[in-house]
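Below are the chains, spelled out letter by letter.
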Amino acid sequence: MTQSPNLSRRPTVGGIVLQHLIVFLICVVFHGGVTWMAPATWITFNRSEDIVSCTARTCVYFVVPYRVQRLDHVESIEQHERTGGRKREKKLGRYTGKTIEVDGEGFLEIHGPRDPWIEVSVSPASLEAVARKASDFLASADTKSTTLFAIANWKFGGLMGGVLTALTALYVFGYTLGLVKWLFTRLKRSVAPSQ
């Protein structure tokens, strides 16, 4: 007679670590990669007397900056675009004979009086609007500061990155809540014997 396996076995430490590692890779690392390849940038303009300064924070997860560019004196706003289209697919250094659709790229350029300038990757769909808002701020003497949001690719970075960033936030919230619960339980146990 065969003995049935014990289905209520506790998971091993290695199994638990592997589960947490997989969840971390899916909920944090993958999402960070998506929002790094198609990043969001917060462009802040400040006016002090007649001089406009600019800080561009390029972020993963929409809010964690990994590159900060500063320009103390902004003089002009420009834009340029690399058009997309159909290109031949290349794999392992060879053309496959297939053609693929390639999205265009847009760039906002913020220029100073001399050589320094800032370049921000902006989706071609919103490049004109972002450039217009930046130029309007530069031309207006009334507004003291403004912040513009720019994203490199709305389909990939905006939609996919936005949904994935929400999952990352849930991951961080869940693990923080679990840690607080664990600390509270430990604290409660250490105080209980002395009563």
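Residues numbered from 1 in each chain as written. Predicted model: local features only at pLDDT ≥ 70, side-chain atom pairs only at ≥ 80, totals over all residues. Heavy atoms only, no water.

Colleague: Would you mind going over the overall build of the protein with me for this structure?
Modeller: Regarding its fold elements, the protein presents three helices and nine strands. Reading the secondary structure of the protein in the N-to-C direction produces α-β-β-β-β-β-β-β-β-α-β-α. The proportion of buried residues among the 195 residues of the protein is 29%. Accessible surface, the protein: about 13800 Å² in total, of which carbon and sulfur atoms supply 60%. (Helix = DSSP H or I, 4+ residues; strand = E, 2+ residues; numbered from the N terminus. Buried < 20%, exposed > 50% of the residue type's maximum accessible area, 1.4 Å probe, protein only. Areas by Shrake-Rupley, 256 points an atom, 1.4 Å probe, with all protein chains shown as cover.)

Colleague: Would you take a moment to explain the nonpolar core for this structure?
Modeller: Across soluble globular proteins, nonpolar side chains have a tendency to be buried as a group. Membership of the largest hydrophobic core comes to 20 residues, with the highest contact counts inside it found for Ile43, Phe45, Val74, Leu108, Ile110 and Val120. Counting residues per element, the ones that place at least two in this core are β1 (40-48), β2 (51-60), β7 (105-111), β8 (117-122), α2 (124-139) and β9 (145-151). Apart from the residues lying within four places of it in its own chain, the contact partners of Leu108 are Ile43, Ile77, Glu78, Ile118, Glu119, Val120, Val122, Leu127, Val130 and Ala131. Within the second largest apolar cluster, five residues are counted, among which are Cys27, Val60, Tyr61 and Tyr171. (Core = buried A, V, L, I, M, F, W, Y, C linked by side-chain atoms within 4.5 Å. Contact = heavy atoms within 4.5 Å.)

Colleague: Can you walk me through unusual backbone geometry in this structure?
Modeller: A negative phi holds for most residues other than glycine; trans holds for most peptide bonds. Within the chain, Glu49 stands out as a residue other than glycine whose phi angle is a positive 60 degrees. Relative accessible area serves as the criterion here: at 70%, Glu49 is assigned to the exposed category. In this model, Phe62 sits at a positive phi of 70 degrees, which is unusual for a non-glycine residue. Along the chain, Phe62 turns up in the loop between β2 and β3 (64-71). Given the relative accessible area of 16%, Phe62 is considered buried.

Colleague: I would appreciate a short explanation of a nonpolar patch on the surface in the present structure.
Modeller: A cluster of nonpolar side chains, namely Leu18, Leu21, Ile22, Phe24, Leu25, Ile26 and Val29, defines an oily patch on the protein surface of about 610 Å² accessible area. As for its placement among the helices and strands, Phe24 is situated in helix α1 (residues 13-37). (Patch = residues over 30% accessible without salt bridge, like charges linked within 9 Å, V, L, I, M, F, W, Y side chains within 5 Å. Salt bridge = Lys/Arg side-chain N within 4 Å of Asp/Glu carboxyl O.)

Colleague: Could you clarify how one ought to interpret the sheet that holds β2 in this entry?
Modeller: Within a sheet, each strand pairs with its neighbour through backbone hydrogen bonds, oriented either parallel or antiparallel. Overall, antiparallel pairing links the four strands, which are arranged β3-β2-β1-β9 in an open sheet. The strands lining the two open edges of the sheet, one partner per strand, are β3 and β9. The mean inter-strand angle of the sheet, taken between neighbouring strand axes irrespective of direction, is 20 degrees. As defined by bridge partners, β1 adjoins β9 across seven bridges and the pair is classed as antiparallel. Paired with Ala40 across the bridge in β9 is Ile151. (Pairing = 2+ DSSP bridges. Axes fitted to C-alpha atoms, helices over the stretch in contact; angles between N-to-C directions.)

Colleague: Any chance you could explain the sheet that holds strand β4 (residues 76-82) here in plain terms?
Modeller: As summarised here, the arrangement of the three strands in space is β4-β7-β8, forming an open sheet in which the pairing is antiparallel. The open sheet has two edge strands, β4 and β8, and neither has a second partner. Strand-to-strand twist across the sheet, computed as the mean angle between neighbouring axes with direction ignored, equals 20 degrees. The pairing of β7 with β8 spans six bridges and is classified as antiparallel. Along β8, the bridge assignment pairs Ile110 with Ile118. Of the strands in this sheet, β4, β7 and β8 are in contact with α2, which crosses β4 at around 170 degrees.

Colleague: Any chance you could explain the packing of aromatic side chains here in plain terms?
Modeller: How two aromatic rings sit relative to each other is set out by the distance from centre to centre and by the angle between their planes. Enumeration over the complete set of coordinates arrives at six aromatic pairs. Its end group placed over the ring of Phe137, Arg47 keeps NZ or CZ at 4.6 Å from the ring centre. (Phe/Tyr/Trp six-rings, centres within 6.5 Å; stacked < 30°, edge-to-face > 60°. Lys NZ or Arg CZ within 6 Å of the ring centre and 35° of its normal.)

Colleague: Is there a simple way to think about the environment of Gly157 in this case?
Modeller: Note that Gly157 resides in helix α3 (residues 154-191). Gly157 sits 120 residues away from Met37 along the chain, and the two C-alpha atoms are 7.7 Å apart. Setting aside chain neighbours within four positions, we find Gly157 in contact with Ala38, Phe62, Ile151 and Gly162.

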